[in-house]
Amino acid sequence: MKSLLAPTSVAIIGASNDETKLGGMLVKNMINAGFKGKLYPVNPKGGEIQGYKAYKSVTEIGEPVDLAVIAVKAAFVPGEMANLGKAGIKYATILTAGFKEDSPEGAELEKQLKEEAKKNGVRFFGPNCFGNMNPGAGVNATFAHLLPKPGNITIFSQSGAVGSSIIDWAYRNQIGFANFITFGNKADIDEADLIDQISADPNTKVIGMYCEGISNGEKFVRAIENMPVKKPIVIFKSGRTQAGSAAASSHTGSLAGSDAVNNVVFNKLNIHRALDLDEMFDVLKVFSSCSPMKKDGIGIITNAGGLGVMSADATFEAPYIHAVKFSDETIKEIRERVPSVAGVTNPIDVRGDAKPEYFREVIRVLYKDPQVGGLVIMGSPLDTADLESVAKILVEMKDEIPVPAVVCFAGGYKCDRANEILRSGGFPCFDTPDRAVRALNALRKYTIRSEIPRDPLKVPAVSGRAQTEAIIRKARSEGRNSLTESEGKQIFTAYGVPIPGEGTANSAEEAAKECDRIGYPVVMKVVSPDIKHKTDVGGVVVGVKDSAAAKEAYTKILDSCRKNVPNARIDGVSIQQMVSGQEVILSMIRDSQFGPVVSFGLGGIYVEILREISQAHVPMTEQQLDEMITTTKAYKLLSGARGLPPADIDAMKDAIRRIVLIAQENPEIHELEINPVIVGLKGKGCWAVDALVTLFKE
């Protein structure tokens, strides 16, 4: 798709001499961008447009055209696709609106557009997009007259309005773009289609994305995992709602809605998720300007003690970096070079009346310290401070400083000229100490996560697909989308997930016999496809110790369930061997965009009280499995917190691997939850003592 992003010949369909119209803006913007290739205005009237020969149709051009930019009425766009096919033009950007975003009729028109494009072999952006830019190639096929300078950031934006804001920010801050690409309705090309090409682009160092929705999540994941050249991605994904949780019937499904899945996937792919545009801009700046941050420690230099305290607080709260405790040798050298230094404990306070050269001297000492991986340089616009000279020194030193360095000149009017010098010199500058520190933290986080090994998950060499398929087929034949607990456990058994000894009874006497066979103590639970959370309706009795108690429990369960859920179908009472250990929850929910997501956390009643769930996207690596487990409070208990005996974490991991296999082999399963899994002492195993399995509705 090189000719799509860096075309050498462009046809503008709907071109105009009226620069207030979209077609006129496009021609003017291409001219003002310094486009050196061939420009072909297309208008049914022909003639001349803004100094160029105009063609009545692209079919009249008679020369190869890399890209067609379409700005005609929506009703005419499908016909233009046919014309592109006749002219041999393979790529288009459609700025025209009035498609699925507008009305049902527009949606039907977009369907025709896609069919016509496919028939004629045309790939396209849009419709309803803002266009695309490549400043280095002199391309501005948007209706924004501002063109950022050439640089190393590629921007993807689904929204034209947000894209316009990003362009304006870049222009004001002298940030350069390698590419600026908008997708509009994403009827054809989306982000995943371009990742391969953009990651291999030598002009692109970092990718920024604004997304409102990721249309094909699994395709998106594959594209980023298979990037030929790994490059950082910063994403601002709007729409942080829990709407996706409404369809979830499991505990973890309701606690972890669709936006939580976005976080899981972005974390897996080492994508930095910005929570607002300010954060997106800040992180793009530091990735664009700095090399990877190879060490956690930072050195802080300031001319104001208060700013130093702010930065120290921000550093303390940043999980991936810390303020270095300098060695005696470093402190001694600073004192020798800057005799008037006010503080040397990090932050280094060079005083409000410090000579600009003092910043240079301290920087040279700090970047040689073996603990220092990054620098934060701050200045207050005191009347005794010459921030403009400091800024000039920093720009001069930019290539000399071997570690990432960021600047915060905290102020407004009196800092403007100094910040302008920094921006012109490509030095990342921020308005507040917190933003400067958080940007370095994001850089360090990306560097750390880039170095984590990616060993494939060791999935057991078993398959329970045949047995599971039969169970699903039976449920479907009975019009059920929920499996019984017994059916769920049959699936677990087929895949080797251990369950306690159990049986089923349909009378009080049969319950007593089954309990005698299994051995006491036991837990007894109602069997019903209509009751998902059995404890809530009195459908569970634990600690049954003899046959008399078994008969009493059976009667109690049935009476309570019939009272609380009178229309529920009851298929009996299950009886399970009671096992002891730490309770955890394991579950899987199949996200509509990204596919299976596995969850882990404290089980039993704690899942809703503490609301702590850790998740991993499938397929996962061994390292992602470890991270999912070790970042929870449940792990602290399992590993022997406060003198507790350690639990069988290896057995629990094996159970998770088998749940992953169930998810991968059985796409009909929407949700699967085991609450609780009982994890015994180390070496004793673990057991799934419950099973909630739901299927997708047919």
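Residues numbered from 1 in each chain as written. Predicted model: local features only at pLDDT ≥ 70, side-chain atom pairs only at ≥ 80, totals over all residues. Heavy atoms only, no water.

1. A few points about the confidence of the model for the protein chain
Applied cut-off: The pLDDT score gives, residue by residue, the confidence of the prediction method on a 0 to 100 scale. Note on contacts: a residue pair qualifies if any of its non-hydrogen atoms lie within 4.5 Å across the two residues.
Averaged over the protein chain, the pLDDT score is 92; the fraction of residues at 70 or greater is 96%. Scored below 50 in pLDDT, residues 243-257 shows 39 contacts in the model against residues more than four places distant or in partner chains.

2. Comments concerning helix H16 (residues 433-450)
The test is simple: Under the scheme used here, helices are H or I runs from DSSP no shorter than 4 residues and strands are E runs no shorter than 2 residues, and both carry numbers assigned from the N terminus. Given a helix with a known number of residues, its expected span is that number minus one, times 1.5 Å. Think of it in three bands: residues with accessible area under 20% of the maximum for their type are buried, residues over 50% are exposed, and the middle band is partly exposed, with areas taken using a 1.4 Å probe on protein chains only.
Along its 18 residues, H16 runs 26 Å from first to last C-alpha, staying within 8% of the 26 Å computed at 1.5 Å per residue. Burial analysis of H16 places 13 of its 18 residues in the buried class, the great majority of the element.

3. Structural notes on the sheet that holds strand S11 (residues 177-182)
Using the following cut-off: Paired strands, as defined in this entry, are two strands with at least two bridges between them according to DSSP. In this analysis, axes come from line fits to C-alpha atoms, helices being fitted only over the stretch in contact, and the angle between any two N-to-C directions falls in the range 0 to 180 degrees.
Taking strand neighbours across the sheet as the criterion, the 7 strands line up as S9-S8-S11-S10-S12-S13-S14 in an open arrangement whose pairing is mixed. At either end of the open sheet lies a strand with only one pairing partner, and these are strand S9 (139-142) and strand S14 (271-273). Neighbour to neighbour, the strand axes of the sheet diverge by 20° on average, direction disregarded. With 5 bridges connecting them, strand S10 (residues 150-157) and strand S12 (residues 206-211) associate as parallel partners. Looking at the pairing, phenylalanine 156 lines up with methionine 209 of S12. Packed on one face of the sheet, helix H5 (residues 160-172) meets strand S8 (131-134), S10, S11 and S12 and runs near 165° to S11.

4. Overview of helix H11 (residues 305-317)
Put simply, the test is: Here the arc refers to the set of directions running from the helix axis out to each C-beta atom.
Its 13 residues give H11 an end-to-end C-alpha distance of 19 Å, which sits within 8% of 18 Å, the value for a rise of 1.5 Å per residue. Of all the positions in H11, only Leu307, Gly308, Ser311, Ala314 and Thr315 are classed as buried. Along the axis of H11, the buried positions cluster into a sector of 125°, meaning they face one direction only. Exposed side of H11, more than 90 degrees from the buried face: Phe316 and Glu317 are the residues found there. The inward-facing, buried residues of H11 abut strand S15 (297-302), strand S16 (322-323), strand S19 (372-379) and H16.

5. A short note on the environment of proline 619
Its place among the elements puts proline 619 in the loop between strand S28 (614-617) and helix H22 (622-630). A sequence separation of 45 residues divides proline 619 from glutamine 664, and the C-alpha atoms of the two residues are 8.2 Å apart. Apart from the residues within four sequence positions on either side, proline 619 is in contact with Lys268, Gln624 and Gln664.

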